[in-house]
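# Observations on the model geometry
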Amino acid sequence: MGWNGLVEAYRLIGEDVSRSLSPPMMNAAFHASGIDAVYETVDVGRAEFSSRFLALRAETSGINLTIPYKSEVIPLLDALDEVSARIGAVNVVPRSGQRYQGYNTDVNGITAPLRERGMGRVRKALLLGAGGAARAFCEAMSHLGCVDITIAVRDTAKGERFASEMTKVFGGIRFSVVAIDRVGGTEADLIFNATPIGSGATLPEALKRVIYGHATVFDAVYRPMKTELLRTAEEKGSQIGRGHV
């Protein structure tokens, strides 16, 4: 039972999460562990996010955040853990009495699978996106000794703002920005997708051309199981994987 004597309720909040695989996985885990709880998804539009989050948190034991709310949720929380405060992104909000503290578990969701594939160090990386998952990626790269991150985005002004902010946090990493449809040759050890590309949007031709067999390609998108990005990378001989964010 949860804090209110009822079945514990956990929710995943995002702009488009109705097809997420998280509920069947989490509910199966609850059942196998004998936990009387339910995990559900809630689609929330950007204009109503603040009011909906405040209403939903009062009736849940914990909330997961995904695109595009990992940073937007911060003003609505009582406290942040060290990593969330540093990078400005939250993906887990457990309830503790009447308090809600934000945590970020995405960083380990990136570093763990990379280390499992023998990538204990990354020298240069190509990052697709500048949202909440991208923030966690920068933290993960600081743990793996990365010194150079190229940020490929559709909105270069947003990318520049993101790069400026990350430079202040991670002074040992050089950040540069490029339009995703103009990305050129790269010597990146790792290409990481922190955008919805692959779950519907077509992969830009310029990006397809920079994927070579020497780079490891990771995707944060997990539906479909093998995105266009991963298929392209596999065809070109790259090692592929999935970041758990």
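Preceding this section is the structure that the text describes.
Residue positions are given per chain, counting from 1 as you read along its sequence in written order. For a predicted model such as this one, the threshold for reporting local features is a pLDDT of at least 70, and the threshold for listing and counting side-chain atom pairs is 80 or more; totals across whole chains, interfaces and linings nevertheless cover every residue. Computation of side-chain values: all heavy atoms of the structure, hydrogens and water removed.

## Some details on helix 2 (residues 49–57)
Spacing of three or four residues puts side chains on the same side of an α-helix, whose turn is 3.6 residues. Just so we agree on the cut-off: Whether a residue is buried, partly exposed or exposed follows from its accessible area with a 1.4 Å probe, protein chains only, as a fraction of its type maximum: under 20%, in between, or over 50%, in that order. A helix here means a DSSP run of H or I that spans at least four residues, while a strand means a run of E at least two residues long, and both kinds are numbered starting from the N terminus. Summarising the geometry, the arc corresponds to the directions from the helix axis toward the C-beta atoms. Two residues form a contact once any of their heavy atoms are found within 4.5 Å.
Considered for burial, the residues of helix 2 that qualify are Phe49, Phe53, Leu56 and Arg57. Along the axis of helix 2, the buried residues cluster in a sector spanning 95°; they form a single face. As for helix 2, its buried residues are in contact with strand 1 (8–14), strand 2 (37–43), strand 3 (62–65), strand 5 (92–96) and strand 6 (99–102).

## Observations concerning the sheet that holds strand 11 (residues 216–219)
To be explicit about the condition: Strands qualify as paired when DSSP identifies two bridges or more between them. Under this scheme, a helix contributes an axis fitted over its contacting stretch, all axes are lines through C-alpha atoms, and angles between N-to-C directions fall in the 0 to 180 degree range.
One open sheet accounts for six strands, arranged 9-8-7-10-11-12; its pairing is parallel. Taken across any chain shown, the strands that pair with only one partner, and hence form the sheet edges, are strand 9 (174–179) and strand 12 (240–242). In this sheet, adjacent strand axes meet at a mean angle of 20° when their direction is disregarded. In this structure, strand 8 (residues 148–153) lies alongside strand 9, joined through six bridges in parallel fashion.

## Side note on the pattern of salt bridges
This is how it is decided: By definition here, a salt bridge exists when the distance from a side-chain nitrogen of Lys or Arg to a carboxyl oxygen of Asp or Glu is within 4 Å.
The full count for this structure, using the stated rule, is 13 salt bridges. Across the pair Glu40 and Arg11 runs a salt bridge, and its minimum N-O distance is 3.5 Å. Linking Glu40 in strand 2 with Arg11 in strand 1, this pair joins segments that are 29 residues apart in sequence. The closest approach of N and O atoms between Arg86 and Glu139, which form a salt bridge, is 2.6 Å. You can see Arg86 sitting in helix 3 (residues 82–87) and its partner Glu139 sitting in helix 5 (residues 132–143), a full 53 residues away along the chain. With relative accessibility at 2%, the residue Glu139 sits in the buried group. Bridged by salt links that share partners, the residues Arg11, Glu40 and Glu59 form one connected network.

## Some remarks on the nonpolar core
Let me state the cut-off plainly: Side-chain atoms within 4.5 Å are what join buried Ala, Val, Leu, Ile, Met, Phe, Trp, Tyr and Cys residues into a set we call a nonpolar core.
Formed by 34 residues in total, the largest nonpolar core has its most connected members in Leu127, Phe137, Met141, Ile149 and Phe175. It is helix 5 that provides the largest number of residues to this core, a total of seven residues. For Phe175, the contacting residues outside a window of four places in its chain are Cys138, Ile149, Ile151, Ala163, Met166, Thr167 and Phe170. Listed in part, the 19 residues of the second largest apolar core include Val183, Ile191, Ile197 and Ala215.

## Re the packing of helix 5 against helix 6 (residues 156–169)
Stated precisely, the cut-off is as follows: The sense of a crossing depends on the near helix, which, turned anticlockwise from the far helix by less than a right angle, makes the crossing left-handed and, turned clockwise, makes it right-handed. Only Asp, Glu, Lys and Arg are considered charged, only Ala, Val, Leu, Ile, Met, Phe, Trp, Tyr, Cys and Pro nonpolar, and every remaining residue, Gly among them, polar.
The contact between helix 5 and helix 6 brings their axes to 11 Å, and the two run at 35°. Pair helix 5 / helix 6 crosses with right-handed handedness. Where helix 5 abuts helix 6, its residues Ala134, Arg135 and Cys138 lie against Phe162, Glu165 and Met166. When grouped by side-chain class, the residues that make up the contact of helix 5 with helix 6 number four nonpolar, no polar and two charged.

## Remarks on the pairing of strand 8
On a regular strand, one side chain projects to one face of the sheet and the next to the other, so that they alternate. We count it as follows: With the strands pointing away from the viewer, any crossover whose connection runs clockwise from the first strand over the helix to the second is right-handed.
With respect to burial, strand 8 is a largely interior element, six of its six residues being buried. Pairing of strand 7 (residues 124–128) with strand 8, which is carried by five bridges, proceeds in the parallel orientation. Looking across to strand 8, one finds that Leu126 is bridged to Thr150. Of the crossover connections in this fold, the one passing from strand 7 over helix 5 to the parallel strand 8 is right-handed. Handedness of the strand 8-helix 6-strand 9 crossover: right-handed.

These figures come from the coordinates and say nothing about function on their own.
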